[in-house]
Amino acid sequence: MKVLVTGGAGFIGVNLIEMLLEKTDWEVHVLDNFTTSDNGMLERVIGDSMRVKVFNGDIREMDDIIAAMEGCTYVVSLAAQSGVLPSVEDPIYDMELNVKGVINILSSAVDLGVKKVVHASSNALLGEGKLPLNEERIPQPMAPYGASKLAGEGYLSAWAASYGLNTVALRFSSVYGPKSINKGSAIAKFIKQIMDGDQVEIWGDGSQTRDLVYVKDIANAIYLSLVTDLPNRYEVIHIGTGEEISIEEVFDLIYQKFLDRGYEPKPALHTDWKPGEIRKNWSSIEKARKVLGFEPQDSFDENIEKTIEWFIENYEGKQ
Ligand SMILES: NC(=O)c1ccc[n+]([C@@H]2O[C@H](COP(=O)([O-])OP(=O)(O)OC[C@H]3O[C@@H](n4cnc5c(N)ncnc54)[C@H](O)[C@@H]3O)[C@@H](O)[C@H]2O)c1
């Protein structure tokens, strides 16, 4: 069995590949151009394994995709412009990766007889709808990133209906965990700022909430989506914890854990709210439970412990 992971050098990709090497005997192809992940994480995860082949290429180039996808049964599509603020600054670039790049992947998958494409979508595409977010709500993206993820889902649905390709859009909530060294999302940013001796910045008053899901649970959800026979040729499924937590609470927990380890973190600095950011956001995971048998494993506290320990061992910081 051979699987292509686009964006396999990124945060979720390296955690997924680590899990696949532990849990399966599959061969893994990685297609990545290392724009946001030139940090050695992929090499470390691969170690001396002969089961991973890395293709340095771009999802905007059909030839690069075809070279990496040849012979693969499954495709996990993670390569993307993955930030909300960068999408507000450069929506065209965001569209080229998250829309045209996805179409390129889907077209190649049909041409090469791929069995299933599992694509990383986001619950951000729903905007500030009624909570909890679920598969029934009407999308109302608040940033170009949400719009491009919504378009991606549209093409997955279309490729399933027009070309018979099995596709799954997994709408991840906010992901955190080890190996997120390249990320600017709240938990990775807070830990890096504390370890750098900087003041942590919280946008707004910190009452905004997120459904924070551990990256190993995300890797498991991707694996389950690949191997499970699903009711429909195109499925959209929310993956999170089904719980919300405020950013202020997250900061307090991380702050306390660093205090306990002898660090002297500075109090948080509250800065202006960022346009395009969502205030309240958490996902129902009832469908994921039902169709995938998905269940988040450990508690938030345990997962934050593991994340901090990983950063202390692996991130040097500025100090
Ligand atoms: N991390 C989260 O909280 C989260 C939440 C919801 C959805 N997602 C989605 O999950 C996926 C993975 O996210 P991540 O956090 O690992 O992001 P990431 O930025 O760490 O990884 C993305 C990878 O794609 C690669 N890439 C970028 N442009 C490329 C191109 N043109 N061709 C080939 N490779 C390219 C990057 O070099 C990087 O390795 C993305 O699609 C993202 O939108 C992430």
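What counts and what doesn't
- Residues numbered from 1 in each chain as written.
- Predicted model: local features only at pLDDT ≥ 70, side-chain atom pairs only at ≥ 80, totals over all residues.
- Axes fitted to C-alpha atoms, helices over the stretch in contact; angles between N-to-C directions.
- Helix = DSSP H or I, 4+ residues; strand = E, 2+ residues; numbered from the N terminus.
- Parallel < 35°, antiparallel > 145°, perpendicular 65-115°, else oblique.
- Left-handed = near helix turned anticlockwise from the far one by under 90°.
- Contact = placed C-beta atoms within 7 Å.
- Nonpolar A, V, L, I, M, F, W, Y, C, P; charged D, E, K, R; others polar.
- Expected span 1.5 Å × (residues − 1).
- Buried ≥ 20, exposed ≤ 12 C-beta atoms within 10 Å, placed from the backbone.
- Near = placed C-beta within 6 Å.
- Pairing = 2+ DSSP bridges.
- Right-handed = clockwise from strand over helix to strand, strands pointing away.
- Domains from an automatic or database assignment.

**Side note on the packing of helix H3 (residues 62–69) against helix H5 (residues 91–111)**
Part 1: Look at H3 against H5: their axes get within 10 Å of each other, and the N-to-C directions meet at 45°. For the element pair H3 / H5, the angle class is oblique. Crossing handedness for the pair H3 and H5: right-handed. Contacts from Met62, Ile65, Ile66 and Met69 in H3 reach Asn104, Ile105, Ser108 and Ala109 in H5.
Part 2: Looking at the contact of H3 with H5 residue by residue, the class counts come to six nonpolar, two polar and no charged.

**So, helix H6 (residues 144–163)**
Part 1: With 20 residues, H6 ought to run about 28 Å at 1.5 Å a step, and its terminal C-alpha atoms sit 27 Å apart, in line with that.
Part 2: Within H6, burial applies to Pro144, Tyr145, Gly146, Ala147, Ser148, Lys149, Leu150, Gly152, Glu153, Tyr155, Leu156 and Trp159.
Part 3: Along its buried surface, H6 packs onto helix H4 (84–89), H5, strand E5 (116–122), strand E6 (166–172) and strand E11 (234–239).
Part 4: Phi turns positive one or two residues past the end of H6, at Gly164, with a value near 75°.

**Here's the deal with the site of the ligand**
Part 1: Near the ligand there are 30 residues, and of these Gly7, Gly10, Ser37, Ala80 and Ala120 occur at the shortest range.
Part 2: Breaking the shell around the ligand down by element, the ones donating at least two residues are helix H1 (11–23), strand E2 (27–32), H5, E5 and strand E7 (174–176).
Part 3: Sort the elements by how many residues they give to the shell around the ligand and H1 lands first, with three residues.
Part 4: Taken together, the residues of the shell around the ligand break down into 13 nonpolar, 13 polar and four charged.

**Some details on the pairing of E2**
Part 1: E2 sits mainly inside the fold: five of its six residues count as buried.
Part 2: In terms of strand pairing, strand E1 (residues 2–6) meets E2 through five bridges, oriented parallel. Opposite Lys2, over in E2, you have Glu27 as the bridge partner.
Part 3: Read as a crossover between parallel neighbours, the route from E1 over H1 to E2 is right-handed.
Part 4: Of the pairings in the sheet, the one linking E2 to strand E3 (residues 52–56) comprises five bridges and is parallel in character.

**Structural notes on the environment of Gly177**
Part 1: Position of Gly177 among the secondary structure elements: in the loop between E7 and helix H7 (186–195).
Part 2: Remark: the alpha-carbon pair of Gly177 and Leu112, spanning 65 residues in sequence, is separated by 34 Å.
Part 3: Dropping the residues within four chain positions of it, Gly177 is found in contact with Asn15, Tyr214, Val215, Lys216, Asn303 and Thr307.

**With respect to the domain arrangement of the protein chain**
Part 1: Domain boundaries assigned for the protein chain yield domain 1 (2–176 + 212–239) and domain 2 (186–209 + 243–314).
Part 2: Taken together, the contact pairs 29 residues of domain 1 with 27 residues of domain 2.
Part 3: Elements that contribute at least two residues to the side of domain 1 that touches domain 2 include exactly H4, strand E10 (212–214), helix H8 (215–227) and E11.
Part 4: If one sorts the elements of the side of domain 1 that touches domain 2 by residue count, H8 sits on top with four residues.
Part 5: Considering only residue class, the side of domain 1 that touches domain 2 consists of 19 nonpolar, seven polar and three charged.

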